[in-house]
There are 2 protein chains.
Amino acid sequence: MNDLPQPVLVVGTGLIGTSLALALRRRGVPVQLEDRDAAAVAVAVERGAGQSRTGDDADPALVVVAVPPAATAGVVDAALARFPSAVVTDVASVKVPVLAALEATGADLARYVGGHPMAGREVSGPAAARADLLDDRAWVITPHPAATSAAVSAIQELALAVRALPVLMAAEEHDRAVAVVSHAPQVLSSLLAARLLESSETAVSIAGQGLRDMTRIAASDPSLWVEILAANAHPVSDVLTALRDDLDHLLAALDAADGVGAAALVDALRRGNAGRQRVPGKHGARPAPTVEVPVVVPDAPGELGRLFAAVADAGVSVEDVRIEHVLGRPTGVVEIAVAQGVAEPLAQALRAGGWEVRA
Amino acid sequence: MNDLPQPVLVVGTGLIGTSLALALRRRGVPVQLEDRDAAAVAVAVERGAGQSRTGDDADPALVVVAVPPAATAGVVDAALARFPSAVVTDVASVKVPVLAALEATGADLARYVGGHPMAGREVSGPAAARADLLDDRAWVITPHPAATSAAVSAIQELALAVRALPVLMAAEEHDRAVAVVSHAPQVLSSLLAARLLESSETAVSIAGQGLRDMTRIAASDPSLWVEILAANAHPVSDVLTALRDDLDHLLAALDAADGVGAAALVDALRRGNAGRQRVPGKHGARPAPTVEVPVVVPDAPGELGRLFAAVADAGVSVEDVRIEHVLGRPTGVVEIAVAQGVAEPLAQALRAGGWEVRA
């Protein structure tokens, strides 16, 4: 905290800017606020996010630009000029376009380091801000050759000050990473969900957990996502083009009803197995092998509480929970994922306690 | 139950056949068992699934063929010939190929009605069977013009006898339905997960819940899925070809960095919203609007039990539960989905009880 440049000016008191300001105030850091919408600043001030900056205030040592992506580079450029000794960062969700635009303006890039706190909500604006929005979230920081190490350190300190987890990546790597782990999945979820528009009511009624998981993010806000996809068009296109080629390959394999086709299908499915192994599990760690223990839980108040109390009594740590939804009947199955070795002891303990465990 | 033709012969004592037989025995129905693997029959008998059929036994009134998909039509055909007054069904996960093969043999199709109990496990064989495997599961029954209504009723009675939920569909409709709600999602999950093989460790480390949900079923068994995909190649190809065309359209929109491209992106995302609305929620019903209440839960035994007990004390019914996994720190956020109107009262009640609710 001693190394965090202060005071901090937050330009843009929307959801992220105000949440960041609230988190900094929680740590006692002096925060100045600006927004071209005076009402938004007033809400942020009212919520305790800091003070509206005036001409009499001391110059900020650190400026955080938290405005919409398309406006980001211009506001960063202006901030670098206004405050000639301040470090300036931004929080736009796509990094290469911002850096490229700044390079084109001839701005003093030694004092600029971009970033992307990986947090968001379905809602926006300062009224929806929360001091803990960034807690435990990855905050990607994107150094570039012209930036000083002091500027990079300042943004790392900023992330740590608000309890986020700094992760260093080049801007290009960040944009490719979010294309594959976030933007391409969004597109595929939307395209898959759209296929249901041509299915009968009965067909859709037999859907299970797999389809529910695969279409959850298809409910996302189109106006937000069109901006993100447009800003990161090239990396997203690269991922989706490669996937489209894989899909064409697989379609050819489906048409070839012979051993060659089957081999290609198996290969695609095996590559999927291997890729899934790379997805981080609980606490960002490599996924430990877990087993799901399915327990029948009556749809009545208090049953989930009783169940998890029983799990705790068995001394077992829960890795994940899913509720199985079943067709037509008021009963449900809760899948409790636990480490491989404790699944059977847990099942025995729960059965001894009167729970119906499917195994 | 009075209308269920008895005795029942189960041909194929694998996971589904033995589970079905156990469920029928639970209801007191006489069950005969056959399998070309005598050891498998012995295990099923030992587990109480019925008796190994001998030449002295009465002819079955109902035959359930539960053998691998590729062998199904031949075994059904033989059963129709061996037992000239029995109703015969099967449980293969793809229905058109079975019916088409039987039509080609000139079998007595008046007594045949196919079916597909929508249940499965990661394991197989009679030792893994459970009497409750089919409880609350949809059991798709696929009548065809040549089948008698008595034969259709018999299979409905069978489904109800084992506590499954009969759903009537034509074979073609079933195969198209599982292509879109199960087989295409499996392929997309595998293809998306495979894209991670080309990503850096750091890139994958910033993945969030969206990617985890989208790649969960990519962990499925390739040898099982290659059979399913090959058997349902045409309907799966139809769904995936339409999706590939949508994807090409979207890739063109990403390349066109102008208003026309943005409009196409928004359209694709909106269609995804609409499709997601069709996915059934809890208890097979249309998804009621729910809101997620995020609660910070210390990673310690008993905390989940305490939390759900508190939710029950607040008198709130839980619609769904997800555990948010965060990067690097031993703390977690549990997202409790509840009906829209009770989210705020629940949040207040939990905060009053000392829980940290993010909102």
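As the structure is a prediction and not an experimental result, all values here were calculated from the model.

Looking now at the interface of chain A and chain B. Each partner contributes to the interface: chain A provides 112 residues, whereas chain B provides 112 residues. Ranked by residues supplied to the side of chain A that touches chain B, first place goes to helix H6 (residues 171-195) of chain A with 18 residues. The class makeup of the residues in the side of chain A that touches chain B is 65 nonpolar, 26 polar and 21 charged.

It is worth spelling out helix H5 (residues 149-161) of chain A at this point. Residues spaced three or four apart along an α-helix face the same direction, because each turn holds 3.6 residues. Residues and elements named next belong to chain A. Compared with the 18 Å implied by 1.5 Å per residue over 13 residues, the 18 Å span of H5 between its first and last C-alpha is a close match. Buried within H5 we find Ala151, Val152, Ala154, Ile155, Gln156, Leu158, Ala159 and Ala161. Buried residues along H5 sit in contact with helix H1 (15-26), strand S4 (62-65), strand S5 (87-90), strand S6 (114-117), strand S7 (138-142) and strand S8 (165-168).

To continue, consider the sheet that holds S4(A). All names here are of chain A. Strands sit in the order S3-S2-S1-S4-S5 across an open sheet of five strands; the sheet is parallel. Where the open sheet ends on each side, the last strands, each with one partner, are strand S3 (51-52) and S5. Where strand S1 (residues 8-11) lies against strand S2 (residues 31-34), four bridges are found, and the strand directions are parallel. Within S2, the position partnered with Val8 by the bridge is Val31. Its contacts with the sheet place helix H2 (residues 38-46) against S2 and S3, and it is angled at close to 155° to S2.

The next point concerns the relation of the copies chain A and chain B. For the pair chain A and chain B, the superposition axis carries a translation of 0.0 Å, the fit reaches an RMSD of 0.1 Å, and the rotation angle comes to 180°. In the structure described here, the two chain copies are related by an operation that fits a two-fold rotation axis. Mapped onto chain B, 100% of the interface residues of chain A are again interface residues, and the two copies thus contact each other with one and the same surface.

The next point concerns the environment of B:Leu229. When you line up the elements, B:Leu229 lands in helix H9 (residues 222-231). Each C-alpha atom of the pair B:Leu229 and B:Gln51 lies 34 Å from the other, and the pair is 178 residues apart in sequence. With near-sequence residues (within four places) excluded, B:Leu229 lies in contact with A:Leu254, A:Leu265, B:His183 and B:Val236.

Moving on, we come to the sheet that holds strand S8 (residues 165-168) of chain B. Residue and element names in this part refer to chain B. Taken in spatial order, the three strands of this open sheet run S6-S7-S8, and their pairing is mixed. Each edge of the open sheet is held by one strand with a lone partner, namely strand S6 (114-117) and S8. For this sheet the average axis-to-axis angle between neighbouring strands, irrespective of direction, equals 25°. Where strand S7 (residues 138-142) and S8 come together, four bridges link them in parallel fashion.

Okay, the pairing of S6(A) next. Residue and element names in this part refer to chain A. The two faces of S6 match: Gly114 and His116 on one face and Gly115 and Pro117 on the other face are all buried. Here S6 runs beside S7; their pairing, made up of four bridges, is antiparallel. Bridge assignment links His116 to a residue of S7, and that residue is Val140.

As a further point, take the packing of H6(A) against helix H6 (residues 171-195) of chain B. Two elements in contact, H6(A) and H6(B), have axes whose closest approach is 11 Å; the angle formed by their N-to-C orientations is 165°. The pairing of H6(A) with H6(B) is recorded here as roughly antiparallel in orientation. In this structure, the crossing between H6(A) and H6(B) has a hand that is right-handed. Each of A:Val180, A:Ala184, A:Pro185, A:Leu188, A:Leu192 and A:Arg195 in H6(A) lies in contact with H6(B), whose residues at this interface are B:Val180, B:Ala184, B:Pro185, B:Leu188, B:Leu192 and B:Arg195. Considering only residue class, the contact of H6(A) with H6(B) consists of 10 nonpolar, no polar and two charged.

Moving on, we come to unusual backbone geometry. Residue and element names in this part refer to chain A. Cis geometry is adopted by the peptide bond preceding Pro7, which originates at Gln6 and carries an omega value of -5°. Among the structural elements, Pro7 can be located in the segment before S1. Residue Asp136 is not a glycine yet carries a positive backbone phi of 65°. Relative to the helices and strands, Asp136 is located in the loop between S6 and S7. One non-glycine residue, Arg163, lies in positive phi territory at about 70°. Tracing the backbone shows Arg163 in the loop between H5 and S8.

Turning our attention to the domain arrangement of chain A. Assigned domains of chain A: these are domain 1 (8-169), domain 2 (175-277) and domain 3 (290-357). Across the contact, seven residues belong to domain 1 of chain A and seven residues belong to domain 2 of chain A.

Reading the values: the criteria
Residues numbered from 1 in each chain as written. Chains lettered and ligands numbered in written order. Predicted model: local features only at pLDDT ≥ 70, side-chain atom pairs only at ≥ 80, totals over all residues. Contact = placed C-beta atoms within 7 Å. Helix = DSSP H or I, 4+ residues; strand = E, 2+ residues; numbered from the N terminus. Nonpolar A, V, L, I, M, F, W, Y, C, P; charged D, E, K, R; others polar. Expected span 1.5 Å × (residues − 1). Buried ≥ 20, exposed ≤ 12 C-beta atoms within 10 Å, placed from the backbone. Pairing = 2+ DSSP bridges. Axes fitted to C-alpha atoms, helices over the stretch in contact; angles between N-to-C directions. Least-squares fit on C-alpha atoms with pLDDT ≥ 70 in both. Parallel < 35°, antiparallel > 145°, perpendicular 65-115°, else oblique. Left-handed = near helix turned anticlockwise from the far one by under 90°. Domains from an automatic or database assignment.

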